[in-house]
Amino acid sequence: MIPSTAAKVKKVTEPSDPQTAHEAAKETARELEPARADASIKIRARNVNFYYGHKQVLEGISMDIRERKITALIGPSGCGKTTFLRILNRMYETVKHARPEGEVALDQDNIFDLALPNLRRRVGMVFQKPNPFPKSIFDNVAYGPRVHGLAHGSKLVELVEQSLRAAALWDEVKDSLQKSAFSLSGGQQQRLSIARALAIDPEVLLLDEPCSALDPISTAKIEELLFSIEGRCTLVIVTHNMAQAARVADYTGFFLMGKLIEFNDTKTIFTNPAKKETEDYITGRFG
Amino acid sequence: MNRLTWRRVVNAVMSVVTALCALTAVTPLLFVLGFLAVKGVSSLNWAFFTKLPVPIGETGGGMANAIVGSGQLLLLAAIFGVPPGVLGGIYLSEFGGWTVPFFVRYAADLLVSVPSIVIGIFAYAVVVLPMGHFSALAGGFALSVILLPIVVTNTEQFLRTVPVWLREGSLALGAGHWKTIVSVVVPAGLQGILTGILLALARVAGETAPLLFTAFNNAYWARGWNQPVSSLPFMIYYYAQSAYDDWHRQAWAAALVLLALVLLINILSRLVLARKMAARRAA
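Residues numbered from 1 in each chain as written. Chains lettered and ligands numbered in written order. Predicted model: local features only at pLDDT ≥ 70, side-chain atom pairs only at ≥ 80, totals over all residues.

**Notes on the overall build of chain A**
Within chain A one finds twelve helices and ten strands. Looking at chain A residue by residue over its 287 residues, the buried ones come to 47%. Within chain A, contacts between residues at least 6 apart in sequence are counted, and of these 70% link residues at least 24 apart. (Helix = DSSP H or I, 4+ residues; strand = E, 2+ residues; numbered from the N terminus. Buried ≥ 20, exposed ≤ 12 C-beta atoms within 10 Å, placed from the backbone. Contact = placed C-beta atoms within 7 Å.)

**Some points on helix α3 (residues 64–95) of chain B**
All names here are of chain B. A rise of 1.5 Å per residue sets the reference length of α3, with its 32 residues, at 46 Å; its end C-alpha atoms lie 45 Å apart and thus fit the reference within 8%. If you look at α3, its biggest bend is around 35°, right at Gly81, and the proline Pro83 turns up within four residues after that. Gly97, located one to two residues past α3, shows a positive phi value of around 70°. (Expected span 1.5 Å × (residues − 1). Bend = angle between axes of the 7 residues up to and from the residue.)

**A short note on the interface of chain B and chain A**
Facing 18 residues of chain B, the contacting portion of chain A comprises 20 residues. Listed by contribution, the elements that provide at least two residues to the side of chain B that touches chain A are α7 (164–171), α8 (177–205) and α11 (245–282) of chain B. Per-element tally for the side of chain B that touches chain A: the top contributor is α7 of chain B, with six residues.

**Details of the packing of helix α6 (residues 136–160) of chain B against α8 of chain B**
Residues and elements named next belong to chain B. The geometry of α6 relative to α8 is characterised by a closest axis approach of 8 Å and an angle of 150° between their N-to-C directions. One element, α6, and the other, α8, form an angle in the roughly antiparallel class. α6 and α8 meet at a crossing whose hand is right-handed. Residues Leu143, Ile146, Leu147, Ile150, Val151, Asn154, Thr155, Phe158 and Leu159 of α6 pack against Val185, Gly189, Gly192, Ile193, Gly196, Ile197, Ala200, Leu201, Arg203 and Val204 of α8. Split by residue class, the contact of α6 with α8 holds 13 nonpolar, five polar and one charged. (Axes fitted to C-alpha atoms, helices over the stretch in contact; angles between N-to-C directions. Parallel < 35°, antiparallel > 145°, perpendicular 65-115°, else oblique. Left-handed = near helix turned anticlockwise from the far one by under 90°. Nonpolar A, V, L, I, M, F, W, Y, C, P; charged D, E, K, R; others polar.)

**A short note on the confidence of the model for chain B**
Here chain B averages 89 in pLDDT, and 97% of its residues register 70 or above. This prediction of the complex comes with two scores: 0.79 for pTM and 0.82 for ipTM. (pLDDT = per-residue confidence, 0-100.)

**As for the confidence of the model for chain A**
Reading predicted coordinates in detail is not appropriate for stretches of low pLDDT. Here chain A averages 86 in pLDDT, and 86% of its residues register 70 or above. For residues 1–37 of chain A, every residue scores under 50 in pLDDT, and the model assigns this stretch 45 contacts once sequence neighbours within four places are set aside.

Dropping the structure here:
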């Protein structure tokens, strides 16, 4: 937690009407500079709008996501948090007529200029539903390294083991690596998805409600796991579950109707929110 | 009669009527199977599978060449029809967008309902005439024209059932579109695609009309793929309308063998599909 910069971070999200949003973004970008001393910024989003056809679903999102920290995005269904997440690895491109505006930088690179395989190599994603491929456990984890030609032979075997260990799944599957991934339980499949994503050593890992299909015990395992991988990559997690955001996240952003209402360190959001809407949401008055 | 009794009577009557209608629907099949079993089994013997047909007037002989010929024709139909069918299905499901698949699907549906004799004439015009003679190749081509639209539409349908989140899982790892299709989407739909291919083969295995103008018939072993070949459906057609009892018996035997072959393919495809369902349930 970095309370000293909290006030400044918060300013990013002062409601900005669309005309002045760009100016405001520039302003806040300057103000945010000193924060780097605490944790450098991994992803810098400025005044991001997003449209499906003519329908605008995100409006003027500016947000700094800090390196090797866990950032949670919360908000009611349809508020745009998943849409924002899917901008970060350009997953929205699978949908026709989807169009983003604004700037999103990964370190110094504009993500819209990066070649797609490179971007997705650097920004991994874990989905709401466990999605093992119809392959063996080993081949699931080896999929990414093979696509990018990262390792072969014994190096690949080693990499698969490391990734499964990092996802806290190794001990459960080490004797059945050649079995179909479908033979695993839901919670194991989700950890397999995480191992698969970690195998290409991403700088950022996006998690889209990774526990919504899981029971509490599996959820606890995944949360535990997030802490253990926090040291190796930047995590952005979308969650419906506010208790989960409070438990795992260093920073929390609250989305409502396509806008980022408030973004701050998690403690402040949950104990001393600046906005009425945030307070109403986290106290369960709506959502 | 009070209301309750009336309802019971109506229920009873309707359940009997619907049951009888259901029975009527399967009766022809039962009769066909029964006839074939009785007539066919008594005419089947080892020679049927091992011997060539004998000239008119002699008794005995078999249809070994027709059995092999049917196998050749099915193999050719699969070689000509399956690769473009599967790739076309992949195009429709993965690349086509909206307009093109609509028209291709429409054309495929039309092609499925074109009478098979018309397809025989088509194959005659484009293969037999230029070659100057009947051949296994022409027969295989005619069958593949029937098989192709079935495989295309079936492949497309099964690929469309592959969930979006599976494709996205691969794309999210930085894999390209084609890589995702080859290593994730097609394997996920593979059992469905195989089932479709088997069912299409079962469907064309019994086609007779297209073979009349293409593969024609051969009383001996075919000397090559570009020679006329015999086939079970053709032999049934040819022997059944002859005047000889022995040929009639052989036609029954051929019909039984053909039906057994189709049944086998059907059972095989069910097994493939059942394995898929089991895998889904485990997931």
